Amino acid sequence: MSLVRRARPEDAPEVLRLRQIMIDALPGGDATTHWHALALPGLRGRLGEPDGDFAAFVVDHPDRPGALAALVVGTLDYRIGKASSPHGRSGYVFSVATDPDARRRGYARACMAELLAWFRERGAGQVMLTASAEAESLYAALGFVHKPDPTMTLTL
């Protein structure tokens, strides 16, 4: 039996807590949490859509009932097809976090495996993510490679 399960609407506060742990660890991360209350209703709604284009996989914390130990979140996007993905379906992983006291137990890897299976079931031809230095070896072991993509961002 797998420790990994699909996140449910009632997991939303814990999903936000783990996402904040990830954000805090990023270069230039923003430790403010006032946005959690604003994000919570939308996240609950998305977690309640089992057939949508959004999925979160989690592991319950073994030592703290009601808490999550690990989280992986992704979304399925349509982009115009290309040779490596002719149907245009792309997966994007945008939140991977493990509670500090639950690290080095394989939880993030197990969650990633479930998310990658979810992407495959939906016909994604590629999966993209941004890797922290600490997580790069995990992603490389799963088959991810660097690409010379000159990604840029605009905050609206």
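Structure first, text after, so check above.
Residues numbered from 1 in each chain as written. Predicted model: local features only at pLDDT ≥ 70, side-chain atom pairs only at ≥ 80, totals over all residues. Heavy atoms only, no water.

(A) Focus on helix α3 (residues 107-121). Compared with an ideal rise of 1.5 Å per residue, which puts 15 residues at 21 Å, α3 spans 21 Å between its outermost C-alpha atoms and is within 8% of the ideal. Every buried residue of α3 is accounted for by Tyr107, Ala108, Cys111, Met112, Leu115, Leu116, Trp118 and Phe119. Buried residues of α3, seen end-on, are gathered within an arc of 165° and therefore sit on one face of the element. α3 presents Arg120 and Glu121 as exposed residues on the side facing more than 90 degrees away from its buried surface. Of the surrounding elements, those touching the buried residues of α3 are β1 (4-6), β2 (54-60), β3 (68-78), β4 (89-98), β5 (126-129) and α4 (136-141). Of the residues flanking the end of α3, it is Gly123, one or two places downstream, whose phi is positive at about 80°. (Helix = DSSP H or I, 4+ residues; strand = E, 2+ residues; numbered from the N terminus. Expected span 1.5 Å × (residues − 1). Buried < 20%, exposed > 50% of the residue type's maximum accessible area, 1.4 Å probe, protein only. Arc of directions from axis to C-beta. Contact = heavy atoms within 4.5 Å.)

(B) Representation of the sheet that holds β4 within the structure. Ordered by their spatial adjacency, five strands build an open sheet running β1-β2-β3-β4-β5, and the pairing between neighbours is mixed. Every other strand in the sheet has two partners, leaving β1 and β5 as the edge strands with one partner each. Strand-to-strand, the axes of this sheet are offset by a mean angle of 25°, without reference to chain direction. Relative to β2, β1 runs antiparallel, the two being bridged by three bridges. Across the sheet, the residue bridging to Arg5 is Val58, located in β2. Those strands touched by α3 are β1, β2, β3, β4 and β5, and its axis lies near 25° from that of β3. (Pairing = 2+ DSSP bridges. Axes fitted to C-alpha atoms, helices over the stretch in contact; angles between N-to-C directions.)

(C) Region of interest: the environment of Thr130. Positionally, Thr130 belongs in the loop between β5 and α4. You can call Thr130 exposed: its relative accessible area is 65%. Separated by 35 residues in sequence, Thr130 and Ser95 have C-alpha atoms that sit 9.4 Å apart.

(D) Broad picture of the packing of helix α1 (residues 12-25) against helix α2 (residues 35-47). Running from amino to carboxyl end, α1 crosses α2 at an angle of 120°, the nearest separation of the two axes being 9 Å. Classified by the angle their axes make, α1 and α2 are oblique. Our pair here, α1 against α2, has a crossing hand that is right-handed. Across the interface between the two elements, Ala12, Pro13, Val15, Leu16, Arg17, Arg19, Gln20 and Ile23 of α1 pack against Trp35, His36, Ala39, Leu40, Leu43, Arg44 and Leu47 of α2. Its residues assigned to classes, the contact of α1 with α2 shows ten nonpolar, two polar and three charged. (Parallel < 35°, antiparallel > 145°, perpendicular 65-115°, else oblique. Left-handed = near helix turned anticlockwise from the far one by under 90°. Nonpolar A, V, L, I, M, F, W, Y, C, P; charged D, E, K, R; others polar.)

(E) Focus on α1. Taking 1.5 Å per residue, 14 residues should reach 20 Å; α1 reaches 20 Å between its end C-alpha atoms and fits that length. Listed as buried for α1 are Ala12, Glu14, Val15, Leu16, Leu18, Gln20, Ile21, Met22 and Ile23. At its buried positions, α1 is contacted by α2, β3 and β4.

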